[in-house]
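Chain and residue survey
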Amino acid sequence: MDKPLSKYQKIIIELLTYYANAPAIVIGGEQTEEQLILDTQHDHYQILTIGWENGKRVYYPIFHLDIKDGKIWVQEDATDFDLVGELERRGVSRQDIVLGFQPPYKRALSGYAIA
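Presented here is an overview of the structure given in this document. All figures in this text were calculated on a predicted structure; none of them were measured in a lab. (Residues numbered from 1 in each chain as written. Predicted model: local features only at pLDDT ≥ 70, side-chain atom pairs only at ≥ 80, totals over all residues. Heavy atoms only, no water.)

With seven of its 10 residues buried, strand β2 (residues 44-53) lies for the most part within the structure. Bridge analysis of strand β1 (residues 31-39) against β2 gives nine bridges, and the strand direction is antiparallel. Its bridge partner lying in β2, T32 is registered against G51. In this structure, β2 lies alongside strand β3 (residues 56-68), joined through 10 bridges in antiparallel fashion. Considered in β3, the bridge of G51 is made with V58. (Buried < 20%, exposed > 50% of the residue type's maximum accessible area, 1.4 Å probe, protein only. Helix = DSSP H or I, 4+ residues; strand = E, 2+ residues; numbered from the N terminus. Pairing = 2+ DSSP bridges.)

Now the structure itself:
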């Protein structure tokens with residue numbers, strides 16, 4: 001395992017674990033849970049909300065990050081938590097962060113990696 005990969009894995013795992021362990025706001029006795037998924041073998045990292053809310057099935061990603069070709073791809077960030085800013089504060093270069101939820105033409109204007 002090369003050094004940048006293991007560094008990026010550690011940063012992602014620390015950030016998602018921190019977020020997953022933060023106190024949740026529960027409204028009206030919701031029956032949902034957040035699941036932290038850390039696949040270091042394939043470099044897929046997620047926090048999912050699953051369960052039931054008002055009689056309807058809930059299943060959606062809160063965060064989804066991948067490491068591809070030495071870069072961290074932010075595939076989903078459904079929060080106001082400054083995930084990308086936290087990646088930068090922990091030493092990840094803007095050139096190694098891809099905003100995968102943005103179309104490629106917008107990525108070129110973002111100041112982050114295109115791919």
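So that's the structure; there's more coming.
Let's shift gears to the nonpolar core. Grouped together as the largest cluster of nonpolar side chains are 20 residues, with contacts concentrated most on L65, I72, L87 and I97. Looking at this core, the elements with two or more residues in it are α1 (3-21), β2, β3, β4 (71-77) and α2 (83-89). Looking at which element gives the most residues to this core, the answer is α1, with five residues. Contact partners of I97, with chain neighbours within four places excluded, come to I72, V74, V84, L87, E88, V92, Y112 and A113. (Core = buried A, V, L, I, M, F, W, Y, C linked by side-chain atoms within 4.5 Å. Contact = heavy atoms within 4.5 Å.)

With that out of the way, let us pick up the sheet that holds strand β5 (residues 97-98). Reading across the sheet, the five strands line up as β1-β2-β3-β4-β5 and stay open at both edges, with mixed pairing between neighbours. Every other strand in the sheet has two partners, leaving β1 and β5 as the edge strands with one partner each. Each of β1, β2, β3 and β4 is contacted by α1, which is oriented at about 155° to β3, the strand it contacts most. (Axes fitted to C-alpha atoms, helices over the stretch in contact; angles between N-to-C directions.)

A few words now on the side chain of Q9. Tracing the backbone shows Q9 in helix α1. Here the side chain of Q9 touches T40 through a polar contact of 3.3 Å, landing on its backbone oxygen. Only 2.7 Å separates the side chain of Q9 from the side chain of D43, close enough to count as a polar contact. (Polar contact = N/O pair within 3.5 Å; in protein donor to acceptor, adjacent residues only side chain to side chain.)

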